[in-house]
Amino acid sequence: MNIHRIAVLPGDGIGPEVTEAALKVLDAVQKSSKRFKLEIIQGEAGYNCIKKYGTNVPPKTLEILKKTEACLKGPMTTPEEAGAPPSAAVTIRKNFGLYANVRPCKTLPGVPSVKPNIDLIVVRENTEGLYFGKEFEVAPGKGVAMRVVTQYASEKVSKIAFELALKRKRHVTCVHKRNILRVTDGIFREAFLTVARDYPSVAIDEVHVDAMAMRLIKEPEKFDVIVTTNMFGDILSDEAAQLVGGLGLAAGANVGDNYGMFEPVHGSAPKYAGQNKVNPIATILAAKMMLEYLNELDAASAIERAVIDVLKEGKIRTYDLGGNSSTIEVGEEIAARVIEFSH
Ligand code: NAD
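Just so you know, these numbers come straight off a predicted model, no measurement behind them.

**Things to note about the pairing of strand β1 (residues 2-9)**
Piece 1. Bridging between β1 and strand β2 (residues 36-42) involves seven bridges; their strand directions are parallel. Across the sheet, I6 pairs through a bridge with I40, a residue of β2.
Piece 2. Crossover handedness for the path β1 to helix α1 (residues 15-31) to β2: right-handed.
Piece 3. As defined by bridge partners, β1 adjoins strand β3 (residues 70-73) across four bridges and the pair is classed as parallel. Residue pairing across strands places V8 opposite L72, the latter belonging to β3.

**Re the site of the ligand**
Piece 1. Near the ligand lie 20 residues; those nearest to it are M76, T78, G267, A269 and N279.
Piece 2. The side chain of K73 places a nitrogen or oxygen atom 3.1 Å from an oxygen atom of the ligand.
Piece 3. The contact in question runs from a nitrogen atom of the ligand to an N or O atom on the side chain of H266, over 3.2 Å.
Piece 4. Residue classes in the shell around the ligand are distributed as nine nonpolar, seven polar and four charged.

**Considerations on the environment of K312**
Piece 1. Considering the arrangement of structural elements, one finds K312 in helix α10 (residues 297-313).
Piece 2. Given a relative accessible area of 60%, K312 falls into the exposed group.
Piece 3. Taking the C-alpha atoms as reference, K312 lies 50 Å from G143; in sequence the two are 169 residues apart.

**Some remarks on the pairing of strand β6 (residues 135-139)**
Piece 1. Of all five residues making up β6, only zero are buried, and the element is barely covered by its neighbours.
Piece 2. With four bridges joining them, β6 and strand β7 (residues 142-145) adopt antiparallel strand pairing. Opposite E135, over in β7, you have A145 as the bridge partner.
Piece 3. Hairpin connection, β6 to β7: the antiparallel pair is bridged by two residues, and G141 has positive phi, about 80°.

**Focus: the pattern of salt bridges**
Piece 1. Taken as a whole and assessed by the stated rule, the structure comprises 27 salt bridges.
Piece 2. A salt bridge links K66 to E63; its shortest N-O distance comes to 3.4 Å. Here E63 and K66 lie together in helix α3 (residues 59-66), a separation of three residues that amounts to about one turn.
Piece 3. We classify K66 as exposed; its relative accessible area is 53%.

**Details of the packing of α10 against helix α11 (residues 327-342)**
Piece 1. In the contact formed by α10 and α11, the axes pass within 8 Å of each other and the chain directions differ by 120°. One element, α10, and the other, α11, form an angle in the oblique class. As for the relative orientation of α10 and α11, their crossing is right-handed in sense. Between α10 and α11, the contacting residues are A302, I303, R305, A306, V307, D309, V310 and E313 on the first element and E333, I334, R337, V338 and F341 on the second.

**A few points about the domain arrangement of the chain**
Piece 1. Here the domain parsing of the chain yields domain 1 (1-100 + 248-343) and domain 2 (114-243).
Piece 2. Taking only C-alpha atoms, the centre of domain 1 and the centre of domain 2 are 25 Å apart.
Piece 3. With 10 residues of domain 1 at the contact, the number on the domain 2 side is 11 residues.
Piece 4. A combined buried area of about 800 Å² lies between domain 1 and domain 2, and 57% of that area is made up of carbon and sulfur atoms.
Piece 5. Applying the counting rule to domain 1 against domain 2 returns one salt bridge.
Piece 6. Here K156 ties to D257 by a salt bridge, and the two come within 2.6 Å at their closest N and O atoms.

**Notes on the environment of S342**
Piece 1. In this fold, S342 is placed in helix α11.
Piece 2. Expressed as a C-alpha distance, the spacing of S342 and H266, which sit 76 residues apart in the sequence, is 30 Å.

**A look at the packing of helix α5 (residues 151-166) against helix α6 (residues 184-196)**
Piece 1. The N-to-C vectors of α5 and α6 enclose an angle of 45°; their axes lie 8 Å apart at closest approach. In terms of axis orientation, α5 runs oblique to α6. Here the hand of the crossing between α5 and α6 comes out right-handed. Along the contact surface, α5 presents Q151, S154, E155, V157, S158, K159 and F162, while α6 presents I187, F188, A191, F192, T194, V195 and A196.

**Observations regarding the sheet that holds β2**
By way of backbone hydrogen bonds, the strands of a sheet pair with one another, either parallel or antiparallel.
Piece 1. Pairing within the open sheet is mixed, and its 10 strands lie in the order β2-β1-β3-β12-β11-β4-β5-β10-β8-β9. What marks the edges here is a single partner per strand, and that holds for β2 and β9 (203-208). Taking each pair of neighbouring strands and ignoring which way they run, the sheet shows an average axis angle of 25°.
Piece 2. Where strand β8 (residues 171-176) lies against strand β10 (residues 225-228), four bridges are found, and the strand directions are parallel. If you follow C174 over to β10, its bridge partner there is V227.

Cut-off values and rules
- Residues numbered from 1 in each chain as written.
- Predicted model: local features only at pLDDT ≥ 70, side-chain atom pairs only at ≥ 80, totals over all residues.
- Heavy atoms only, no water.
- Pairing = 2+ DSSP bridges.
- Helix = DSSP H or I, 4+ residues; strand = E, 2+ residues; numbered from the N terminus.
- Right-handed = clockwise from strand over helix to strand, strands pointing away.
- Near = heavy atom within 4 Å.
- Polar contact = N/O pair within 3.5 Å; in protein donor to acceptor, adjacent residues only side chain to side chain.
- Nonpolar A, V, L, I, M, F, W, Y, C, P; charged D, E, K, R; others polar.
- Buried < 20%, exposed > 50% of the residue type's maximum accessible area, 1.4 Å probe, protein only.
- Salt bridge = Lys/Arg side-chain N within 4 Å of Asp/Glu carboxyl O.
- Axes fitted to C-alpha atoms, helices over the stretch in contact; angles between N-to-C directions.
- Parallel < 35°, antiparallel > 145°, perpendicular 65-115°, else oblique.
- Left-handed = near helix turned anticlockwise from the far one by under 90°.
- Contact = heavy atoms within 4.5 Å.
- Domains from an automatic or database assignment.
- Buried area = accessible area lost by both parts, 1.4 Å probe.

Following this line, the structure appears as structure tokens:
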């Protein structure tokens with residue numbers, strides 16, 4: 001029996017509600033599995049910690065993360081006050097070297113989709129680019145931001161994209177804007193082409209980011225794995241999420257060489273906090289990606305099957321999908337299907 005120790009950080013706003021629903025599903029998969037058990041350690045992180053600890057990722061939480069294989073992270077409110085700490089996600093990504101952000105987008109049954117057969121993954125470099133976070137006001141009214149791109153990080157994220165493509169439709173599209181950003185995106189493109197030479201069975205192409213924004217709407221079904229720099233990936237993956245039903249369904253993985261953090265793509269949606277009405281499926285699919293990372297593939301596909309079944313049936317769904325079920329009802333229904341399918 002495999003024992004996986006994982007951390008769970010419920011976060012802010014709607015975070016505790018969607019996390020509770022995802023925990024119901026994780027509980028169901030481990031009860032139905034003879035292969036593994038999860039040892040779950042809950043930790044505090046997010047905006048709610050700033051007053052209490054002076055930081056959004058307290059040292060105790062970092063210690064918990066260091067003792068675990070992976071973490072399921074709820075959404076967190078980003079502090080915006082001058083001098084505030086960076087977002088908790090950024091702190092965790094930096095501390096654990098989580099250099100790739102993987103965001104799948106797939107047409108789901110019973111959910112409106114721009115095209116009927118979208119199945120793509122956006123792989124975004126997660127540590128540098130314009131989100132490197134160094135901005136300066138060089139003169140009053142004149143700001144400069146640094147866009148850092150290294151061959152090292154670009155090769156590492158490209159390798160993740162090619163490894164994913166090997167298990168899928170074997171096609172990787174590199175998105176950049178090298179015609180304008182000749183140095184930084186020149187380095188990114190060269191690194192991509194260097195890694196591509198190690199994967200002769202994977203087809204490649206290149207698309208400029210502005211054209212990609214359009215093609216994602218026009219012909220999203222033509223793409224398999226898309227790899228790009230930090231900010232382009234952030235924007236394109238939100239666009240792609242909307243093509244297949246919106247933020248309530250979009251999950252993401254942040255992976256490095258030794259750790260993985262899994263989260264819904266959406267934020268803490270403060271206006272809905274405490275109402276038990278938002279969609280927990282993004283967080284449940286993040287938990288599914290975590291199980292894939294832990295190599296518990298049967299459990300991961302049991303979650304996916306249960307989600308698809310509940311969506312296809314269409315009876316239990318939250319407001320964003322036209323229903324009126326609560327967050328926890330959706331979690332409990334998916335958990336019940338996981339158990340039903342395991343018999
Ligand atoms: P948001 O994603 O929290 O919410 C925007 C809107 O999307 C909501 O008002 C709601 O209509 C919809 N929505 C979001 N999640 C939903 C769900 N599960 N089910 C149904 N509808 C859902 O974006 P925001 O309001 O711009 O940001 C709120 C806070 O979250 C900000 O502080 C932001 O910085 C932060 N944020 C955190 C993360 C993260 O922790 N990874 C990601 C994005 C934003």
